[in-house]
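Overview (structure and organization)
Now for the letters of each chain:
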Amino acid sequence: MNSLTEEVYLQRIDKIREKMSKNNLDGYVFFSNRAVNYLTGYRFIPTERPIALLVTPENIDITVPKLEEDAAESESLIDDVYVYYDYPGNNNGDYSHHSSKTPENMIGKMLEARRLGYIGADMNGAPGTMGYEGESLGEITGKAVETHSWTEDMRIKKSKEEIEVLKKSAKYADRAFERLRQYIEPGRNEVSINLEMKKKTAEMIVEEEGSLSVSGGKLSYYRILSGSNTYNPHGQVENRELKQKDILLPGMALAYQGYHAELERTMFLGEPTDKQKEYYRVMLEAQKIAENTAAPGVKLSQVDQEVHDYFREQGVLENTRHHTGHGLGLQSHEKPFIDRGNDKKLKENMVISLEPGIYFEEAGGFRHSDTFVIKESGLERITEDPRDLESNILKA
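The structure reproduced in this document is the subject of the present report. Just so it is clear, the model here is predicted, and its values are computed rather than measured. (Residues numbered from 1 in each chain as written. Predicted model: local features only at pLDDT ≥ 70, side-chain atom pairs only at ≥ 80, totals over all residues. Heavy atoms only, no water.)

In spatial order, the strands read β12-β11-β13-β16-β17; together these five strands make up an open sheet with antiparallel pairing. What marks the edges here is a single partner per strand, and that holds for β12 (334-338) and β17 (378-381). Averaged over all adjacent pairs, the angle separating strand axes in this sheet is 30°, with direction ignored. Two strands pair when backbone bridges link them, and strand β13 (residues 351-354) and strand β16 (residues 370-375) are joined in this way by four bridges, in the antiparallel orientation. Across the sheet, the residue bridging to serine 353 is threonine 371, located in β16. (Pairing = 2+ DSSP bridges. Helix = DSSP H or I, 4+ residues; strand = E, 2+ residues; numbered from the N terminus. Axes fitted to C-alpha atoms, helices over the stretch in contact; angles between N-to-C directions.)

Moving on, we come to the sheet that holds strand β1 (residues 27-30). Taken in spatial order, the six strands make up an open sheet running β4-β3-β2-β1-β5-β6, and their pairing is mixed. Each end of this open sheet is capped by a strand with a single partner; those strands are β4 (80-84) and β6 (145-147). Looking at each pair of strands side by side, their axes are set apart by 25° on average, direction ignored. Each of β1, β2 (52-55) and β3 (60-65) is contacted by helix α1 (residues 6-22), which is oriented at about 70° to β2, the strand it contacts most. (Contact = heavy atoms within 4.5 Å.)

On to the pattern of salt bridges. One pass over the structure, following the stated rule, counts 28 salt bridges. When the shortest N-O distance is used, the salt bridge between arginine 114 and aspartate 80 registers 3.0 Å. Remark: aspartate 80 occurs in strand β4 and arginine 114 occurs in the loop between α4 (103-113) and β5 (119-121); sequence separation between them is 34 residues. Judged by its relative accessible area of 24%, arginine 114 is partly exposed. On the basis of relative accessible area, aspartate 80 is assigned to the partly exposed category, the value being 33%. Salt bridges sharing common partners tie together Arg181, Arg265, Asp370, Arg381 and Asp385. (Salt bridge = Lys/Arg side-chain N within 4 Å of Asp/Glu carboxyl O. Buried < 20%, exposed > 50% of the residue type's maximum accessible area, 1.4 Å probe, protein only.)

Within the structure shown, the criterion is met by 11 aromatic pairs. Seen from their ring centres, tyrosine 28 and tryptophan 150 are 4.4 Å apart, and the 20° between their planes marks the pair as stacked. With tyrosine 28 in strand β1 and tryptophan 150 in helix α6 (residues 150-154), this residue pair connects regions lying 122 residues apart in the sequence. Residue tyrosine 28 shares its accessibility class with tryptophan 150, and that shared class is buried. Residues tyrosine 87 and tyrosine 132 carry aromatic rings whose centres are separated by 5.0 Å and whose planes lie at 50° to one another, so their mutual orientation is tilted. Of this pair, tyrosine 87 sits in the loop between β4 and α4 while tyrosine 132 sits in the loop between β5 and α5 (137-141), and the two are 45 residues apart along the sequence. For the pair tyrosine 87 and tyrosine 132, a shared accessibility class is recorded, and that class is buried. Three or more aromatic residues link up through ring pairs in this structure, and these residues are Phe268, Tyr279, Tyr280, Phe360 and Phe366. Positioned above the aromatic ring of tyrosine 172, the side-chain terminus of lysine 171 is 4.7 Å from the ring centre. The ring of tyrosine 231 carries the charged tip of arginine 321 above its face, separated from the ring centre by 4.6 Å. (Phe/Tyr/Trp six-rings, centres within 6.5 Å; stacked < 30°, edge-to-face > 60°. Lys NZ or Arg CZ within 6 Å of the ring centre and 35° of its normal.)

Okay, unusual backbone geometry next. Put simply, tyrosine 87 and proline 88 share a cis peptide bond, and its omega is 10°. Residue position: proline 88 is located in the loop between β4 and α4. Here lysine 335 and proline 336 are connected by a cis peptide whose omega angle stands at 0°. With respect to the helices and strands, the residue proline 336 is situated in strand β12. With a phi angle near 50°, arginine 115 is a residue other than glycine that sits in the positive phi range. Within the fold, arginine 115 resides in the loop between α4 and β5.

The next subject is the packing of α1 against helix α2 (residues 33-40). In contact at an axis separation of 7 Å, α1 and α2 are set at 115° when each is read in the N-to-C sense. Of the residues in α2, those touching α1 at Tyr9, Arg12, Ile13 and Ile16 are Asn37, Tyr38, Leu39 and Thr40. Its residues assigned to classes, the contact of α1 with α2 shows five nonpolar, two polar and one charged. (Nonpolar A, V, L, I, M, F, W, Y, C, P; charged D, E, K, R; others polar.)

Listed below in structure tokens is the structure:
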């Protein structure tokens, strides 16, 4: 089940072919699972078994392991499917039941069949996922290979269809947090809440959609940290029991049909201290400063700098631990990155998170994250979960 219409994928392939023509390339190979998904809609779980998609001016071919053969054959945009039995394969092809070469041998056969001259690729050979070790594309072909990050750059601006899917992701993230507020109470622990919320979120989508499409084996990244665990922005979920007066930091990147919307909140089990209320105010104001600064034509570095300057004014700069945000889409973190070292400009139809945070060993971590679409007039926040303090104080 593809997330978007075939027309969208064909437009993307056409852009790749235009880039190939400008660079005098006869073929282009994609090894990244995200690139293959972005260009064709074909989803697979990357393992030690490499997959290679070949785009030429006339055709789209793919090399896959045997276990992916049926799925690849069902993709309407793919012309020829080349199959190896498994990794690492066999150079002599003398399996007792399945005649098979190595993955590299089959990739080479796919390229030879199209009689290509100059070729390019998103990387010079399959990535070393889960222990994969194989020849580079240059070694397979005996030719020089140009590498470019074309699809990563193409993914920065979203199409109307992608934005609609992302809005669905945001809607379900909001709904999940509605249920979370009802579920959290003293005595529960981080691990059980994480497991239960993943289950409840999946059930909610099935109930409304009638089915559930899970990309890459994952519906959503979900994590709730509590108490001192919130001090670490990417802390590990523990079997820690929630207590009255705890600070909480739940967050998720919900991947509806493969597109991620991010939502994170700072919450409290009972009334926060005066110091926590002040830190909360500063955190929320920083997010709103970022929101008011971001617009088409504004440098990403400027957004991060405005937040940085505000934290300095408030005397909490030493309590920051990361930049202001990042792009969202097929991955929960992708280009663009909102960082003082990035002078590229925001453009209409980019989708980003804004998540400035401050962290204190005793008081805990304070961070909201929301998903925004860059519009001509400014930003549209598509995660609508309440951000005010009162809404995030959970009464026991």
